[in-house]
Amino acid sequence: MNRRSISVVIIFVIFVSLSSCTIDNKAIKPLSKDGFMLGTFVVINLYDQKDEKIIDEVFERLREIENRMSVNIEDSDISLVNKNAGIKPVKVHQDVYYVLKKAKYYSEISGGAFEPTIGPLVNLWGIGTGNERVPSEEEIRKSLIKVDFNKLHLLGNNEVFLDEKDMMIDLGGIAKGYAADEAKKILLDRGVKSAIIDLGGNIYALGSKPDGTPWRLGIQNPMISRSRNKVSHIGIFDGKNISVVTSGDYERYFEENGIRYHHIIDSKTGFPARNNVAGISVLSQDSIDGDALSTALFVLGLDEGLKLAEKIDGVDVIYITKDMKIYISSNLRGKFEITNEEFEMMTP
Ligand code: ADP
Ligand code: MG
């Protein structure tokens with residue numbers, strides 16, 4: 001958690017001169033507020049409005065979402081569903097029901113690569129908690145039995161039920177995306193036309209830059225840890241009203257005997273997903289889709305992941321592999337510009 005809290009922002013916004021906060025050489029200072037929420041560092045930047053109340057409203061909404069969805073909050077709807085696993089259905093707020101529906105949908109289309117009942121394994125590994133360790137085979141086996149989205153039931157009247165005791169929903173792979181979408185709604189309602197919503201790696205670039213030109217969005221070099229404060233990107237693209245969500249193995253992890261154990265778990269093995277992917281970024285209209293997909297596509301790996309991404313309308317992806325190659329979905333060809341020569345664009 002600590003490591004993550006200071007080094008979460010995976011994609012960042014580049015301004016015209018590339019010196020971080022200038023446009024046409026005139027400094028533009030956004031109205032900005034940050035805070036720690038939803039387990040991550042949140043920043044809201046408004047470029048065309050000066051009313052702090054707007055940002056406060058966004059933060060209140062984010063807090064509300066966290067209070068309903070966090071497994072770390074004892075009386076959140078999700079915690080209540082988990083406590084009543086195998087006992088009885090629990091009625092949840094519409095926000096939670098909606099996110100669970102999306103979560104189940106992405107589990108289904110990804111064959112369980114996205115797995116919202118991953119909770120027992122997340123707890124077992126404890127990555128980011130300070131108590132991380134490599135569990136025994138036996139422990140993994142026991143937790144694996146409790147992980148299965150088919151045993152998560154979304155009933156009528158917003159009731160939710162987990163079939164077996166000790167099952168646990170964990171929305172860490174999707175809640176931030178939903179939160180970004182809700183933040184965007186508030187900003188649009190208040191007439192904001194130029195803003196960046198940043199929920200630790202979940203970016204929503206609202207509208208355009210204040211001068212009306214598209215945002216220049218950069219994908220961070222996954223080989224360089226942000227904690228060393230070196231912001232470096234491997235490529236950029238232009239976008240308006242777009243969500244960009246990245247999942248990688250380089251933000252929250254621990255190492256033991258030279259092996260990196262990170263926070264995205266493969267529900268088939270019970271181990272952190274192991275493949276050649278260093279980072280996967282998903283571009284979409286709604287951030288909830290990008291969030292669930294970035295997690296799923298990380299687990300699926302390059303070949304299967306690209307195939308799935310190509311089938312989904314309105315979604316583009318950028319895969320970066322550990323051998324410094326870049327694979328993009330067909331829609332992005334000609335729109336993604338590599339800015340770091342150490343990386344090579346591949347055509348699948
Ligand atoms: P981040 O939280 O770094 O933005 P992700 O969106 O990929 O990254 O979500 C990772 C989080 O999702 C983990 O911390 C955990 O709470 C949860 N998670 C881990 N593995 C899975 C999985 N296979 N499917 C769904 N959620 C997962
Ligand atoms: Mg995700």
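Note that the coordinates shown come from a computational prediction; the quantities given were computed from them, not determined experimentally.

Caption draft 1: View of the sheet that holds strand E9 (residues 194-199). Spatial strand order, E4-E5-E9-E10-E13-E16-E17-E18-E20: nine strands in an open sheet with mixed pairing. With one partner strand each, in any of the chains shown, strand E4 (31-37) and strand E20 (344-346) form the two edges of the open sheet. Each strand axis lies, on average, 15 degrees off the axis of its neighbour in the sheet, ignoring direction. Judged from the three bridges that link them, strand E18 (residues 325-328) and E20 form a sheet pairing that is parallel. Paired with tyrosine 327 across the two strands is methionine 346, which belongs to E20. Packed on one face of the sheet, helix H2 (residues 52-69) meets E4, strand E5 (40-46) and E9 and runs near 15 degrees to E4.

Caption draft 2: Examining the site of ligand 1 more closely. In the vicinity of ligand 1, 16 residues are found, and the nearest of them are Glu115, Ser247, His263, Ile265 and Thr295. Between ligand 1 and alanine 113 there is a distance of 3.0 Å, counted from a nitrogen atom to a backbone nitrogen or oxygen. Notes on ligand 1: free accessible area 560 Å², of which the protein chains cover 96%.

Caption draft 3: View of the coordination of the magnesium ion (ligand 2). The protein atoms that coordinate the magnesium ion (ligand 2) are Gly173 (O), Asp291 (O), Asp291 (OD) and Thr295 (OG1), at distances spanning 2.1 to 2.6 Å. In primary-sequence terms, the residues that donate to the magnesium ion (ligand 2) follow G-x117-D-x3-T. On the criterion of sequence distance, the pair formed by glycine 173 in the loop between strand E8 (159-162) and helix H7 (175-189) and aspartate 291 in helix H8 (residues 287-300) is long-range, its members being 118 residues apart. Judged by relative accessible area, which is 16%, glycine 173 ranks as buried. Looking at aspartate 291, the relative accessible area reads 4%, which means it is buried.

Rules used throughout
Residues numbered from 1 in each chain as written. Chains lettered and ligands numbered in written order. Predicted model: local features only at pLDDT ≥ 70, side-chain atom pairs only at ≥ 80, totals over all residues. Heavy atoms only, no water. Pairing = 2+ DSSP bridges. Helix = DSSP H or I, 4+ residues; strand = E, 2+ residues; numbered from the N terminus. Axes fitted to C-alpha atoms, helices over the stretch in contact; angles between N-to-C directions. Contact = heavy atoms within 4.5 Å. Near = heavy atom within 4 Å. Polar contact = N/O pair within 3.5 Å; in protein donor to acceptor, adjacent residues only side chain to side chain. Areas by Shrake-Rupley, 256 points an atom, 1.4 Å probe, with all protein chains shown as cover. Donors = N, O, S within 2.8 Å, 3.2 Å for Na, K, Ca; no water. Buried < 20%, exposed > 50% of the residue type's maximum accessible area, 1.4 Å probe, protein only.

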